[in-house]
Amino acid sequence: MKISFLGAARKVTGSCFHLSAGGLQFLVDCGMHQGHDSDNLNRGSFRFNPKEIEGVFLTHAHIDHTGLIPRLVREGFRGRIITTAATAELSRVMLADSAHIQEMDAQWMTKKARRAGSGITIEPVYTVEDAIAAFPFFDKKQYGEIYALKNGIRYSFSDAGHILGSGTLEIWYRNNPDKKIAFSGDIGKKGNPILQDPRHAAESDYVVMESTYGNRLHKGMDDSIDELVEAVSTTFKRGGNVYIPSFAVGRTQDLLYYFNKLVRDGRLPSPLDIYVDSPLAEEATKVYFSHPELFDEDAKIVFGKKGKKTVRVHYTHAPQDSMKLNRITSGVIVLAGSGMCEGGRIRHHLKHNLWRPECSVVFVGFQARGTLGRAIVDGAKEVYILGDKVAVRSRVYTIGGFSAHADQKELLEWLKLFKNRPEVFIVHGEETAALEFEKQVKEKLGFPTHVPSEGESYDI
Ligand SMILES: [Zn+2]
(Lines give C-alpha, C1' and ligand atoms only; values in the text may rest on other atoms or scores of the structure.)
Protein backbone atom coordinates (compact mmCIF):
# COMPACT_ATOMS: atom_id res chain seq x y z
CA MET A 1 0.00 0.00 0.00
CA LYS A 2 1.06 3.53 -0.70
CA ILE A 3 -0.18 6.30 1.59
CA SER A 4 0.04 10.00 0.71
CA PHE A 5 -0.60 12.75 3.24
CA LEU A 6 -2.56 15.40 1.32
CA GLY A 7 -3.90 17.50 4.21
CA ALA A 8 -3.78 17.95 8.00
CA ALA A 9 -0.03 17.34 7.73
CA ARG A 10 1.80 19.61 10.20
CA LYS A 11 -1.48 21.52 10.57
CA VAL A 12 -4.97 20.87 11.88
CA THR A 13 -7.39 21.31 9.00
CA GLY A 14 -7.98 19.80 5.54
CA SER A 15 -7.74 16.14 6.63
CA CYS A 16 -7.19 13.96 3.54
CA PHE A 17 -5.11 10.81 3.11
CA HIS A 18 -4.82 9.00 -0.23
CA LEU A 19 -4.33 5.22 -0.25
CA SER A 20 -3.57 2.93 -3.14
CA ALA A 21 -3.68 -0.80 -2.55
CA GLY A 22 -4.69 -3.86 -4.54
CA GLY A 23 -4.98 -1.75 -7.70
CA LEU A 24 -7.59 0.49 -6.03
CA GLN A 25 -7.49 4.08 -4.76
CA PHE A 26 -9.18 5.35 -1.60
CA LEU A 27 -9.35 8.44 0.53
CA VAL A 28 -9.61 8.68 4.28
CA ASP A 29 -11.47 12.00 4.90
CA CYS A 30 -11.83 14.82 2.39
CA GLY A 31 -11.87 17.92 4.56
CA MET A 32 -11.94 21.65 4.05
CA HIS A 33 -9.02 23.86 4.91
CA GLN A 34 -9.67 26.62 7.42
CA GLY A 35 -7.69 29.71 8.39
CA HIS A 36 -4.68 31.07 6.50
CA ASP A 37 -4.91 30.74 2.67
CA SER A 38 -7.87 28.39 3.00
CA ASP A 39 -9.87 29.81 0.09
CA ASN A 40 -7.07 29.03 -2.39
CA LEU A 41 -6.51 25.58 -0.90
CA ASN A 42 -10.22 24.72 -1.02
CA ARG A 43 -10.40 25.78 -4.68
CA GLY A 44 -7.09 24.18 -5.73
CA SER A 45 -7.26 21.09 -7.95
CA PHE A 46 -7.19 17.67 -6.29
CA ARG A 47 -3.90 15.75 -6.46
CA PHE A 48 -5.75 12.69 -7.77
CA ASN A 49 -8.47 12.07 -10.29
CA PRO A 50 -11.81 11.98 -8.41
CA LYS A 51 -13.19 9.62 -11.09
CA GLU A 52 -10.60 6.98 -10.14
CA ILE A 53 -11.35 6.97 -6.39
CA GLU A 54 -13.14 3.78 -5.36
CA GLY A 55 -14.28 4.95 -1.94
CA VAL A 56 -13.93 7.62 0.74
CA PHE A 57 -13.85 6.61 4.40
CA LEU A 58 -15.06 9.37 6.75
CA THR A 59 -13.89 9.37 10.37
CA HIS A 60 -16.46 11.97 11.53
CA ALA A 61 -18.72 14.79 10.39
CA HIS A 62 -16.70 17.91 11.26
CA ILE A 63 -16.23 20.01 8.15
CA ASP A 64 -12.41 19.88 8.27
CA HIS A 65 -12.84 16.11 7.61
CA THR A 66 -15.78 16.10 5.16
CA GLY A 67 -16.07 19.60 3.67
CA LEU A 68 -14.75 18.93 0.15
CA ILE A 69 -17.00 15.92 -0.54
CA PRO A 70 -19.47 18.00 -2.65
CA ARG A 71 -16.58 19.16 -4.87
CA LEU A 72 -15.31 15.60 -5.18
CA VAL A 73 -18.70 14.43 -6.43
CA ARG A 74 -19.07 17.41 -8.77
CA GLU A 75 -15.69 16.54 -10.28
CA GLY A 76 -16.67 12.98 -11.11
CA PHE A 77 -16.33 10.80 -7.98
CA ARG A 78 -18.85 7.94 -8.23
CA GLY A 79 -17.63 5.56 -5.51
CA ARG A 80 -19.03 4.97 -2.02
CA ILE A 81 -18.69 7.29 0.98
CA ILE A 82 -18.24 4.81 3.79
CA THR A 83 -18.94 5.87 7.38
CA THR A 84 -21.15 5.31 10.42
CA ALA A 85 -24.88 6.05 10.24
CA ALA A 86 -24.63 9.00 12.65
CA THR A 87 -21.72 10.53 10.70
CA ALA A 88 -23.68 10.17 7.45
CA GLU A 89 -26.69 11.93 8.99
CA LEU A 90 -24.66 14.72 10.60
CA SER A 91 -22.68 15.17 7.35
CA ARG A 92 -25.87 15.82 5.39
CA VAL A 93 -26.82 18.60 7.80
CA MET A 94 -23.32 20.08 7.89
CA LEU A 95 -22.52 19.89 4.17
CA ALA A 96 -25.78 21.61 3.27
CA ASP A 97 -24.98 24.34 5.81
CA SER A 98 -21.39 24.66 4.58
CA ALA A 99 -22.64 24.97 0.97
CA HIS A 100 -25.03 27.72 2.02
CA ILE A 101 -22.13 29.60 3.66
CA GLN A 102 -20.03 29.15 0.46
CA GLU A 103 -22.86 30.65 -1.59
CA MET A 104 -23.26 33.63 0.76
CA ASP A 105 -19.50 34.23 0.85
CA ALA A 106 -19.27 34.16 -2.96
CA GLN A 107 -22.15 36.63 -3.23
CA TRP A 108 -20.47 38.94 -0.75
CA MET A 109 -17.08 38.74 -2.50
CA THR A 110 -18.71 39.41 -5.88
CA LYS A 111 -20.46 42.49 -4.49
CA LYS A 112 -17.21 43.71 -2.98
CA ALA A 113 -15.36 43.22 -6.30
CA ARG A 114 -18.10 45.08 -8.19
CA ARG A 115 -17.96 47.97 -5.72
CA ALA A 116 -14.24 48.19 -6.40
CA GLY A 117 -14.96 48.49 -10.12
CA SER A 118 -14.32 44.89 -11.19
CA GLY A 119 -16.83 42.98 -13.29
CA ILE A 120 -15.89 39.50 -12.03
CA THR A 121 -18.31 37.02 -10.51
CA ILE A 122 -16.90 34.82 -7.73
CA GLU A 123 -18.27 31.27 -7.85
CA PRO A 124 -18.86 29.42 -4.56
CA VAL A 125 -16.46 26.53 -3.79
CA TYR A 126 -19.65 24.45 -4.09
CA THR A 127 -23.39 25.03 -3.99
CA VAL A 128 -26.26 23.58 -1.95
CA GLU A 129 -27.17 21.61 -5.10
CA ASP A 130 -23.65 20.08 -5.16
CA ALA A 131 -24.00 19.09 -1.49
CA ILE A 132 -27.37 17.42 -2.06
CA ALA A 133 -25.94 15.54 -5.08
CA ALA A 134 -23.41 13.89 -2.71
CA PHE A 135 -26.00 12.42 -0.32
CA PRO A 136 -26.87 9.26 -2.36
CA PHE A 137 -23.23 8.10 -2.23
CA PHE A 138 -23.21 7.63 1.56
CA ASP A 139 -22.96 4.04 2.78
CA LYS A 140 -23.86 3.58 6.49
CA LYS A 141 -21.93 1.07 8.60
CA GLN A 142 -21.97 -0.17 12.21
CA TYR A 143 -19.27 0.08 14.86
CA GLY A 144 -17.47 -3.18 15.59
CA GLU A 145 -18.32 -5.05 12.36
CA ILE A 146 -15.64 -6.08 9.89
CA TYR A 147 -16.69 -5.40 6.29
CA ALA A 148 -15.07 -6.82 3.15
CA LEU A 149 -14.46 -4.45 0.26
CA LYS A 150 -12.59 -5.67 -2.83
CA ASN A 151 -9.21 -7.24 -3.60
CA GLY A 152 -8.67 -8.46 -0.04
CA ILE A 153 -9.33 -5.11 1.62
CA ARG A 154 -11.41 -5.17 4.82
CA TYR A 155 -12.29 -2.41 7.27
CA SER A 156 -13.97 -1.67 10.58
CA PHE A 157 -14.97 1.38 12.68
CA SER A 158 -14.78 1.66 16.46
CA ASP A 159 -16.10 4.54 18.60
CA ALA A 160 -13.60 7.42 18.80
CA GLY A 161 -15.70 9.27 21.44
CA HIS A 162 -15.17 12.70 19.84
CA ILE A 163 -18.61 13.65 18.43
CA LEU A 164 -21.64 11.46 17.67
CA GLY A 165 -20.70 8.81 15.08
CA SER A 166 -16.96 9.55 15.19
CA GLY A 167 -14.84 6.52 14.37
CA THR A 168 -11.37 5.11 14.53
CA LEU A 169 -10.94 3.22 11.27
CA GLU A 170 -8.95 0.02 10.74
CA ILE A 171 -8.09 -1.18 7.24
CA TRP A 172 -6.62 -4.62 6.50
CA TYR A 173 -4.84 -5.08 3.17
CA ARG A 174 -2.96 -7.82 1.31
CA ASN A 175 0.74 -7.95 1.79
CA ASN A 176 3.14 -10.67 2.71
CA PRO A 177 2.03 -11.20 5.48
CA ASP A 178 -1.26 -9.21 5.47
CA LYS A 179 -1.11 -5.86 7.22
CA LYS A 180 -3.33 -3.40 9.03
CA ILE A 181 -3.37 0.39 9.27
CA ALA A 182 -5.48 2.30 11.81
CA PHE A 183 -6.64 5.93 11.45
CA SER A 184 -7.49 7.51 14.78
CA GLY A 185 -9.79 10.24 13.43
CA ASP A 186 -10.21 12.88 16.15
CA ILE A 187 -9.91 11.26 19.56
CA GLY A 188 -12.36 12.21 22.32
CA LYS A 189 -11.66 12.65 26.01
CA LYS A 190 -12.41 9.93 28.47
CA GLY A 191 -15.55 10.91 30.37
CA ASN A 192 -16.75 13.16 27.53
CA PRO A 193 -20.43 13.95 28.05
CA ILE A 194 -23.04 11.93 26.11
CA LEU A 195 -20.62 9.63 24.26
CA GLN A 196 -18.84 6.41 25.10
CA ASP A 197 -15.13 6.61 25.86
CA PRO A 198 -12.79 6.12 22.88
CA ARG A 199 -11.84 2.52 22.13
CA HIS A 200 -9.86 0.66 19.48
CA ALA A 201 -8.23 -2.66 18.59
CA ALA A 202 -5.21 -3.91 20.49
CA GLU A 203 -2.92 -4.30 17.49
CA SER A 204 -2.04 -2.56 14.26
CA ASP A 205 1.05 -2.41 12.05
CA TYR A 206 0.62 1.32 11.36
CA VAL A 207 -1.29 4.07 13.13
CA VAL A 208 -2.13 7.49 11.67
CA MET A 209 -3.07 9.62 14.65
CA GLU A 210 -4.18 13.13 15.48
CA SER A 211 -2.16 15.46 17.73
CA THR A 212 -4.36 18.58 18.11
CA TYR A 213 -3.44 18.86 21.81
CA GLY A 214 -0.17 16.92 21.46
CA ASN A 215 1.66 19.56 23.49
CA ARG A 216 -1.03 20.53 26.04
CA LEU A 217 -2.93 19.28 29.06
CA HIS A 218 -6.56 20.24 29.75
CA LYS A 219 -7.80 21.77 32.99
CA GLY A 220 -9.97 19.49 35.13
CA MET A 221 -13.60 19.11 34.16
CA ASP A 222 -14.94 19.76 37.70
CA ASP A 223 -13.41 23.25 37.82
CA SER A 224 -14.98 24.08 34.47
CA ILE A 225 -18.40 22.95 35.63
CA ASP A 226 -18.09 24.98 38.87
CA GLU A 227 -17.21 28.02 36.78
CA LEU A 228 -20.24 27.48 34.52
CA VAL A 229 -22.54 27.27 37.57
CA GLU A 230 -21.01 30.44 38.98
CA ALA A 231 -21.42 32.31 35.68
CA VAL A 232 -25.11 31.42 35.34
CA SER A 233 -26.09 31.91 39.00
CA THR A 234 -24.45 35.30 39.47
CA THR A 235 -25.71 36.61 36.12
CA PHE A 236 -29.29 35.68 36.94
CA LYS A 237 -28.92 37.38 40.35
CA ARG A 238 -27.77 40.58 38.62
CA GLY A 239 -30.83 40.42 36.35
CA GLY A 240 -29.09 39.61 33.08
CA ASN A 241 -28.80 36.86 30.46
CA VAL A 242 -25.96 34.45 29.70
CA TYR A 243 -24.75 34.36 26.08
CA ILE A 244 -22.66 31.42 24.92
CA PRO A 245 -21.04 31.45 21.46
CA SER A 246 -21.07 27.77 20.60
CA PHE A 247 -20.18 25.40 17.80
CA ALA A 248 -23.37 23.78 16.52
CA VAL A 249 -22.25 20.16 16.40
CA GLY A 250 -20.83 18.60 19.53
CA ARG A 251 -20.38 21.55 21.88
CA THR A 252 -24.05 22.64 21.86
CA GLN A 253 -25.24 19.12 22.69
CA ASP A 254 -22.57 18.78 25.40
CA LEU A 255 -23.78 22.02 27.01
CA LEU A 256 -27.41 20.84 26.89
CA TYR A 257 -26.26 17.71 28.70
CA TYR A 258 -24.46 19.69 31.43
CA PHE A 259 -27.37 22.09 31.94
CA ASN A 260 -29.80 19.17 32.27
CA LYS A 261 -27.51 17.49 34.76
CA LEU A 262 -26.88 20.66 36.80
CA VAL A 263 -30.59 21.37 37.14
CA ARG A 264 -31.28 17.74 38.11
CA ASP A 265 -28.52 17.97 40.72
CA GLY A 266 -30.06 21.17 42.11
CA ARG A 267 -27.04 23.30 41.24
CA LEU A 268 -28.96 25.55 38.83
CA PRO A 269 -32.50 26.92 39.20
CA SER A 270 -35.49 25.03 37.79
CA PRO A 271 -37.04 25.52 35.33
CA LEU A 272 -34.11 26.75 33.26
CA ASP A 273 -34.87 28.37 29.92
CA ILE A 274 -32.30 27.83 27.16
CA TYR A 275 -32.64 29.32 23.69
CA VAL A 276 -30.75 27.48 20.98
CA ASP A 277 -30.58 30.16 18.32
CA SER A 278 -29.09 28.19 15.43
CA PRO A 279 -30.98 26.12 12.85
CA LEU A 280 -27.82 24.03 12.30
CA ALA A 281 -27.54 23.26 16.03
CA GLU A 282 -31.20 22.26 16.09
CA GLU A 283 -30.76 19.85 13.16
CA ALA A 284 -27.63 18.38 14.71
CA THR A 285 -29.36 17.98 18.09
CA LYS A 286 -32.17 16.04 16.35
CA VAL A 287 -29.57 13.66 14.89
CA TYR A 288 -28.05 13.21 18.38
CA PHE A 289 -31.42 12.35 19.93
CA SER A 290 -32.20 9.88 17.14
CA HIS A 291 -29.17 7.80 18.23
CA PRO A 292 -29.65 7.10 21.97
CA GLU A 293 -27.96 3.71 21.38
CA LEU A 294 -24.66 5.60 21.10
CA PHE A 295 -25.08 7.42 24.45
CA ASP A 296 -23.17 6.45 27.57
CA GLU A 297 -25.06 5.43 30.73
CA ASP A 298 -25.03 8.95 32.26
CA ALA A 299 -26.51 10.52 29.15
CA LYS A 300 -29.27 7.89 29.04
CA ILE A 301 -30.29 9.00 32.56
CA VAL A 302 -29.82 12.75 32.09
CA PHE A 303 -31.74 12.87 28.80
CA GLY A 304 -34.11 10.07 29.86
CA LYS A 305 -37.86 10.33 30.22
CA LYS A 306 -37.83 9.69 33.97
CA GLY A 307 -38.05 12.64 36.34
CA LYS A 308 -39.26 16.18 35.81
CA LYS A 309 -38.44 18.07 32.63
CA THR A 310 -36.58 20.87 34.29
CA VAL A 311 -34.75 22.38 31.34
CA ARG A 312 -36.88 24.06 28.70
CA VAL A 313 -35.02 24.18 25.37
CA HIS A 314 -36.46 26.63 22.84
CA TYR A 315 -35.33 26.53 19.22
CA THR A 316 -35.61 29.64 17.09
CA HIS A 317 -35.94 29.24 13.33
CA ALA A 318 -36.69 32.45 11.42
CA PRO A 319 -34.39 35.47 11.78
CA GLN A 320 -37.40 37.43 13.13
CA ASP A 321 -37.71 34.95 16.04
CA SER A 322 -34.01 35.39 16.71
CA MET A 323 -34.49 39.17 16.85
CA LYS A 324 -37.44 38.80 19.23
CA LEU A 325 -35.06 37.26 21.75
CA ASN A 326 -33.73 40.78 22.35
CA ARG A 327 -36.94 41.52 24.24
CA ILE A 328 -36.06 38.94 26.89
CA THR A 329 -33.70 40.86 29.11
CA SER A 330 -33.08 38.53 32.04
CA GLY A 331 -32.99 34.99 33.34
CA VAL A 332 -32.23 32.98 30.17
CA ILE A 333 -29.28 31.30 28.49
CA VAL A 334 -28.76 31.86 24.76
CA LEU A 335 -26.59 29.46 22.74
CA ALA A 336 -25.78 30.71 19.24
CA GLY A 337 -23.13 30.31 16.57
CA SER A 338 -20.58 30.91 15.44
CA GLY A 339 -18.22 29.66 18.10
CA MET A 340 -15.66 32.41 17.51
CA CYS A 341 -18.30 35.16 16.90
CA GLU A 342 -17.08 35.62 13.32
CA GLY A 343 -20.48 35.02 11.79
CA GLY A 344 -23.93 33.81 12.71
CA ARG A 345 -26.58 35.05 15.09
CA ILE A 346 -24.37 35.47 18.15
CA ARG A 347 -23.14 38.77 16.70
CA HIS A 348 -26.63 40.28 16.92
CA HIS A 349 -26.97 39.18 20.53
CA LEU A 350 -23.59 40.63 21.42
CA LYS A 351 -24.41 43.90 19.67
CA HIS A 352 -27.58 44.23 21.75
CA ASN A 353 -26.21 43.01 25.07
CA LEU A 354 -22.44 43.19 25.37
CA TRP A 355 -22.73 46.73 26.81
CA ARG A 356 -25.08 45.57 29.61
CA PRO A 357 -23.09 45.00 32.83
CA GLU A 358 -25.74 42.63 34.22
CA CYS A 359 -25.16 40.11 31.38
CA SER A 360 -22.37 37.56 30.81
CA VAL A 361 -20.65 36.07 27.81
CA VAL A 362 -19.25 32.60 28.37
CA PHE A 363 -16.62 31.30 25.93
CA VAL A 364 -16.33 27.52 25.92
CA GLY A 365 -14.15 26.96 22.87
CA PHE A 366 -10.83 27.92 21.34
CA GLN A 367 -10.77 31.54 20.03
CA ALA A 368 -8.39 31.97 17.10
CA ARG A 369 -6.27 35.08 16.71
CA GLY A 370 -7.98 37.88 14.77
CA THR A 371 -11.56 36.86 15.64
CA LEU A 372 -14.15 38.96 17.50
CA GLY A 373 -14.27 36.26 20.19
CA ARG A 374 -10.53 36.54 20.76
CA ALA A 375 -10.73 40.35 21.07
CA ILE A 376 -13.38 40.05 23.80
CA VAL A 377 -11.48 37.28 25.61
CA ASP A 378 -8.30 39.36 25.47
CA GLY A 379 -10.07 42.18 27.35
CA ALA A 380 -10.97 44.72 24.64
CA LYS A 381 -12.90 47.66 26.20
CA GLU A 382 -14.90 48.18 23.02
CA VAL A 383 -15.39 46.24 19.79
CA TYR A 384 -17.01 46.81 16.41
CA ILE A 385 -19.95 44.51 15.66
CA LEU A 386 -21.88 44.74 12.38
CA GLY A 387 -20.53 48.25 11.86
CA ASP A 388 -21.35 49.60 15.34
CA LYS A 389 -19.05 50.40 18.23
CA VAL A 390 -20.12 48.40 21.30
CA ALA A 391 -18.68 48.79 24.81
CA VAL A 392 -17.68 45.54 26.52
CA ARG A 393 -19.37 45.81 29.95
CA SER A 394 -20.76 42.29 30.33
CA ARG A 395 -18.82 39.88 32.47
CA VAL A 396 -16.61 37.67 30.29
CA TYR A 397 -15.81 34.06 31.24
CA THR A 398 -13.40 31.78 29.40
CA ILE A 399 -13.96 28.16 30.42
CA GLY A 400 -11.35 25.84 28.98
CA GLY A 401 -12.41 22.35 30.05
CA PHE A 402 -15.06 21.58 27.44
CA SER A 403 -12.80 20.49 24.58
CA ALA A 404 -13.93 17.37 22.67
CA HIS A 405 -10.30 16.37 22.08
CA ALA A 406 -8.01 14.17 24.16
CA ASP A 407 -5.03 16.07 25.60
CA GLN A 408 -1.38 14.98 25.48
CA LYS A 409 -1.70 12.54 28.37
CA GLU A 410 -4.85 10.94 26.97
CA LEU A 411 -3.37 10.72 23.45
CA LEU A 412 -0.41 8.80 24.88
CA GLU A 413 -2.74 6.49 26.83
CA TRP A 414 -4.77 5.88 23.68
CA LEU A 415 -1.66 4.99 21.67
CA LYS A 416 -0.17 2.83 24.42
CA LEU A 417 -3.11 0.41 24.05
CA PHE A 418 -1.57 -0.88 20.80
CA LYS A 419 0.48 -3.73 22.16
CA ASN A 420 2.72 -4.47 19.18
CA ARG A 421 4.81 -1.28 18.75
CA PRO A 422 3.08 0.09 15.63
CA GLU A 423 4.78 2.58 13.34
CA VAL A 424 3.08 5.91 14.03
CA PHE A 425 2.33 8.76 11.61
CA ILE A 426 1.50 11.91 13.57
CA VAL A 427 -0.94 14.26 11.80
CA HIS A 428 -3.73 16.76 12.54
CA GLY A 429 -1.76 19.07 14.82
CA GLU A 430 0.07 22.38 14.42
CA GLU A 431 3.73 21.65 13.70
CA THR A 432 4.85 22.45 17.27
CA ALA A 433 2.15 20.19 18.75
CA ALA A 434 2.94 17.31 16.36
CA LEU A 435 6.70 17.51 16.97
CA GLU A 436 6.31 17.73 20.75
CA PHE A 437 3.97 14.75 20.67
CA GLU A 438 6.49 12.80 18.56
CA LYS A 439 9.11 13.45 21.24
CA GLN A 440 6.77 12.13 23.93
CA VAL A 441 5.94 8.99 21.90
CA LYS A 442 9.64 8.24 21.38
CA GLU A 443 10.56 8.83 25.04
CA LYS A 444 7.57 7.26 26.78
CA LEU A 445 6.53 4.46 24.40
CA GLY A 446 9.54 3.91 22.14
CA PHE A 447 7.34 3.46 19.04
CA PRO A 448 8.83 4.38 15.62
CA THR A 449 7.35 7.70 14.44
CA HIS A 450 7.00 10.05 11.46
CA VAL A 451 5.58 13.57 11.23
CA PRO A 452 4.75 13.70 7.50
CA SER A 453 4.77 16.93 5.55
CA GLU A 454 2.02 17.78 3.09
CA GLY A 455 2.32 15.78 -0.13
CA GLU A 456 4.70 13.18 1.35
CA SER A 457 4.13 9.48 0.50
CA TYR A 458 5.21 6.22 2.16
CA ASP A 459 5.17 2.61 0.99
CA ILE A 460 3.82 0.46 3.80
ZN1 LIG B 1 -13.34 16.94 14.86
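Small disclaimer: the values here were computed from a predicted structure and weren't measured. (Residues numbered from 1 in each chain as written. Predicted model: local features only at pLDDT ≥ 70, side-chain atom pairs only at ≥ 80, totals over all residues. Heavy atoms only, no water.)

*Asks:* Teacher, can you tell me more about the packing of aromatic side chains here?
*Replies:* Each aromatic ring pair is summarised here by two numbers: the centre-to-centre distance and the angle between the ring planes. One pass over the full model with this rule turns up 19 aromatic pairs. Ring geometry for Phe 57 and Tyr 155: centres 5.1 Å apart, planes at 65°, overall edge-to-face. Placement of Phe 57 in strand S4 (residues 53–57) and of Tyr 155 in strand S8 (residues 154–159) is noted, with a sequence separation of 98 residues between them. Comparing Phe 57 with Tyr 155 shows no difference in burial state: the two are buried. Taking the centre distance of 6.2 Å and the plane angle of 55° together, the rings of Phe 77 and Phe 137 count as tilted. A residue pair is termed long-range when its members are at least 10 positions apart, and Phe 77 in the loop between helix H3 (69–74) and strand S5 (80–84) and Phe 137 in the loop between helix H5 (128–134) and strand S6 (138–141) qualify at 60 residues. Site record: aromatic cluster; members linked through ring pairs are Phe 5, Phe 17, Phe 183, Tyr 206, Phe 425 and Tyr 458. Above the face of the Phe 46 ring, Arg 71 is positioned so that its terminal group lies 4.3 Å from the ring centre. The ring of Tyr 147 has Lys 141 sitting right over it, with the charged end atom 4.7 Å from the ring centre. (Phe/Tyr/Trp six-rings, centres within 6.5 Å; stacked < 30°, edge-to-face > 60°. Helix = DSSP H or I, 4+ residues; strand = E, 2+ residues; numbered from the N terminus. Buried < 20%, exposed > 50% of the residue type's maximum accessible area, 1.4 Å probe, protein only. Lys NZ or Arg CZ within 6 Å of the ring centre and 35° of its normal.)

*Asks:* What am I meant to see in the side chain of Ser 156 here?
*Replies:* Positionally, Ser 156 belongs in strand S8. A polar contact of 2.9 Å, which involves the side chain of Ser 156, links it to the backbone oxygen of Glu 145. Once you skip the residues sitting within four places of it in the chain, Ser 156 turns out to touch Gly 144, Glu 145, Ile 146, Thr 168, Leu 169, Glu 170 and Trp 172. (Polar contact = N/O pair within 3.5 Å; in protein donor to acceptor, adjacent residues only side chain to side chain. Contact = heavy atoms within 4.5 Å.)

*Asks:* Is there a simple way to explain the nonpolar core in this structure?
*Replies:* Here is a general trend for soluble globular proteins: nonpolar side chains tend to be buried in one another's company. Residues Phe 259 and Ile 333 are the most contacted members of the largest nonpolar core, which totals 74 residues. Sequence-distant contacts of Ile 333, that is, excluding residues within four places in its chain, are made with Val 232, Phe 236, Val 242, Ile 244, Phe 259, Leu 272, Asp 273, Ile 274 and Tyr 275. Counting 27 residues, the second-largest nonpolar core is a separate cluster that includes Leu 24, Phe 183, Val 427 and Ile 460. (Core = buried A, V, L, I, M, F, W, Y, C linked by side-chain atoms within 4.5 Å.)

*Asks:* Honestly, the packing of helix H13 (residues 408–416) against helix H14 (residues 431–445) in this entry has me stumped. Any pointers?
*Replies:* The relative placement of two packed helices is expressed as an angle between their axes plus a distance between the axes. Here H13 crosses H14 at 50°, and the two axes come no closer than 11 Å. One element, H13, and the other, H14, form an angle in the oblique class. The way H13 lies across H14 gives a crossing that is right-handed. For the pair formed by H13 and H14, the contact residues are Gln 408, Leu 411, Leu 412, Leu 415 and Lys 416 on the first element and Glu 436, Phe 437, Gln 440, Val 441, Lys 444 and Leu 445 on the second. (Axes fitted to C-alpha atoms, helices over the stretch in contact; angles between N-to-C directions. Parallel < 35°, antiparallel > 145°, perpendicular 65-115°, else oblique. Left-handed = near helix turned anticlockwise from the far one by under 90°.)

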